[in-house]
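Here are the chains, one letter per residue:
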Amino acid sequence: MELSLSTIQRLAAECGIDKIGVAPANALESESIQLNEWLVRGYHGEMLWMAREPQKRTDPKLIFPEAKTVLVAAVNYFTPYEHEETGKISRYAWGDDYHDVVKEKLRELLVRLKAEDSLIEGKVCVDTTPIMEKAWAVRAGLGWIGKHSNVITKELGSWVFLGEILLNVEVSGSREIVADHCGTCTACIEACPTDAIVSPYVVDSTKCISYATIELRDETLPTEIAENLNGWLYGCDICQDVCPWNRFEKPTEEARFKPRNGETSLAPQDLTDMHHEEYVARFRKSAIRRTKLSGLKRNASELISKS
């Protein structure tokens, strides 16, 4: 039982997926070593789930025992809007929650693949499944990991969401690994206001504005973060904004990634006065709910105090 890459590419395009690639479902070895080194250094901070069962992240068969192929999808989320000066939201959270949108596309693709062959089975993975998405994107030929640790594609830059389908079939057709095209560029490293990119390709999450404003649950932000927020309320896009490869960015055709209520920024004062019921209604189906109302209020208060 074998499936062709050309068939997958055709069906993926019909599902609104911008790039698709495949790789044999063999365990990641060098990437496993890199992950363990990153964890030992404590660069995951309070994201304790990153350290749970790390072997699952590097061996897809521990997630889906029948896996023979890892199908990796990239979905463009770039929309050509600008931020306000303060209360800035990371571009990935402007629209509807990408987990829902990308998962829907992958589930539709799996249905279409099964229509090609009823013996095909698969497991859809989007972010919350313990799988090294960026490493698999490289193995599947979608792009390379930049010095800011995000996947960069030649066609769309780094403004892409990733998702996978673990398939119980092999896929025929050639794939070509994309070489690292960062060269001598260090724009992202130099632009990071908190020096979170501690060396090329290595990010210390505990120094990252995105980590602090989204994942960190402390009542106050670390001083070095609070003093260098640069107007960011939720997440941070600085390292991607300065990346030369993002000159190839193209507006997404997925309307659900456009800013909800036209919002690319939120007024900090409005958030400090927000009640829970308003928060639930306003951010329904939004990735912004990740940081909870308490986190948004904390971030907003920090921005107000520095204004």
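Re unusual backbone geometry
In this structure, E53 is a non-glycine residue whose phi angle is positive, near 45 degrees. Looking at the secondary structure, you find E53 in the loop between α2 (30–40) and α3 (54–58). Given a relative accessible area of 44%, E53 falls into the partly exposed group. Of note in this structure, Y201 is not a glycine but carries a positive phi near 80 degrees. Mapping Y201 onto the fold places it in the loop between β10 (197–199) and β11 (202–203).

Digging into empty space enclosed by the protein
Applying the stated criterion to the full structure yields one cavity of 30 Å³ or more. Empty space within the largest cavity amounts to approximately 70 Å³. I89, A93, W94, R260, N261, E263, R282, F283, S286 and I288 together form the lining of the largest cavity. Among the residues forming the lining of the largest cavity, the class breakdown is five nonpolar, two polar and three charged.

Details of helix α1 (residues 5–14)
Among all positions of α1, only L5, T7, I8, L11 and A12 are buried. The buried residues of α1 occupy one face: seen down the axis, they fall within an arc of 155 degrees. Buried residues belonging to α1 abut β1 (2–4), β2 (19–24), β3 (69–76), α4 (98–116) and β9 (170–172).

Here's the deal with the nonpolar core
Judged by nonpolar contacts, the single largest core of 96 residues is most densely connected at I17, L71, Y92, L109, L113, L167 and Y234. For L109, the contacting residues outside a window of four places in its chain are I8, L11, A12, C15, I17, I20, L71 and I165. Within the second largest apolar cluster, six residues are counted, among which are W144, V178, C182 and W245.

With respect to the environment of G173
For G173, the position within the fold is in the loop between β9 and α6 (187–191). Relative accessible area serves as the criterion here: at 52%, G173 is assigned to the exposed category. Along the chain, G173 and K105 lie 68 residues apart, while their C-alpha atoms are 22 Å from each other.

Structural notes on the environment of R139
Checked against the element boundaries, R139 lands in helix α5 (residues 133–139). A residue is classified by how much of its surface remains accessible, and R139, at 25% relative accessible area, is partly exposed. A sequence separation of 67 residues divides R139 from V72, and the C-alpha atoms of the two residues are 9.1 Å apart. Leave out the neighbours within four places in its chain, and R139 touches V22, A23, N26, A27, L28, E29, E31, R175 and I177.

Concerning the packing of α1 against α4
Running from amino to carboxyl end, α1 crosses α4 at an angle of 135 degrees, the nearest separation of the two axes being 9 Å. Judged by the inter-axis angle, α1 sits oblique to α4. The hand of the α1/α4 crossing is right-handed. Contacts from T7, I8, R10, L11, A12 and E14 in α1 reach E108, L109, R112, L113 and E116 in α4. For the contact of α1 with α4, the residue count by class is five nonpolar, one polar and five charged.

Topic: the packing of aromatic side chains
With the rule as written, the count across this model stands at ten aromatic pairs. Pairing Y92 with Y234 gives two aromatic rings, centres 6.1 Å apart and planes at 40 degrees, and the pair type is tilted. Of this pair, Y92 sits in the loop between β4 (88–89) and α4 while Y234 sits in strand β12 (residues 232–234); the two residues are 142 residues apart in sequence, bridging distant segments of the chain. Looking at Y234, the relative accessible area reads 0%, which means it is buried. Ring plane angle 10 degrees and centroid distance 4.4 Å describe the contact between Y98 and F161, whose orientation is recorded as stacked. Of this pair, Y98 sits in helix α4 while F161 sits in strand β8 (residues 160–167), and the two are 63 residues apart along the sequence. You can call Y98 buried: its relative accessible area is 12%. Cluster of aromatic residues (ring-pair linked, three or more members): Y77, F78, Y92, Y98, W159, F161, Y234 and F257. Here the basic side chain of R139 rests over the ring of W136, its NZ or CZ set 5.9 Å away from the ring centre.

Definitions and cut-offs
Residues numbered from 1 in each chain as written. Predicted model: local features only at pLDDT ≥ 70, side-chain atom pairs only at ≥ 80, totals over all residues. Heavy atoms only, no water. Helix = DSSP H or I, 4+ residues; strand = E, 2+ residues; numbered from the N terminus. Buried < 20%, exposed > 50% of the residue type's maximum accessible area, 1.4 Å probe, protein only. 1 Å grid on protein atoms, 1.4 Å probe; cavity = no way out; pocket = protein on both sides within 12 Å on 5 of 7 lines; lining within 4 Å. Points joined across faces, edges and corners; volume = space filled by probe spheres on them. Nonpolar A, V, L, I, M, F, W, Y, C, P; charged D, E, K, R; others polar. Arc of directions from axis to C-beta. Contact = heavy atoms within 4.5 Å. Core = buried A, V, L, I, M, F, W, Y, C linked by side-chain atoms within 4.5 Å. Axes fitted to C-alpha atoms, helices over the stretch in contact; angles between N-to-C directions. Parallel < 35°, antiparallel > 145°, perpendicular 65-115°, else oblique. Left-handed = near helix turned anticlockwise from the far one by under 90°. Phe/Tyr/Trp six-rings, centres within 6.5 Å; stacked < 30°, edge-to-face > 60°. Lys NZ or Arg CZ within 6 Å of the ring centre and 35° of its normal.

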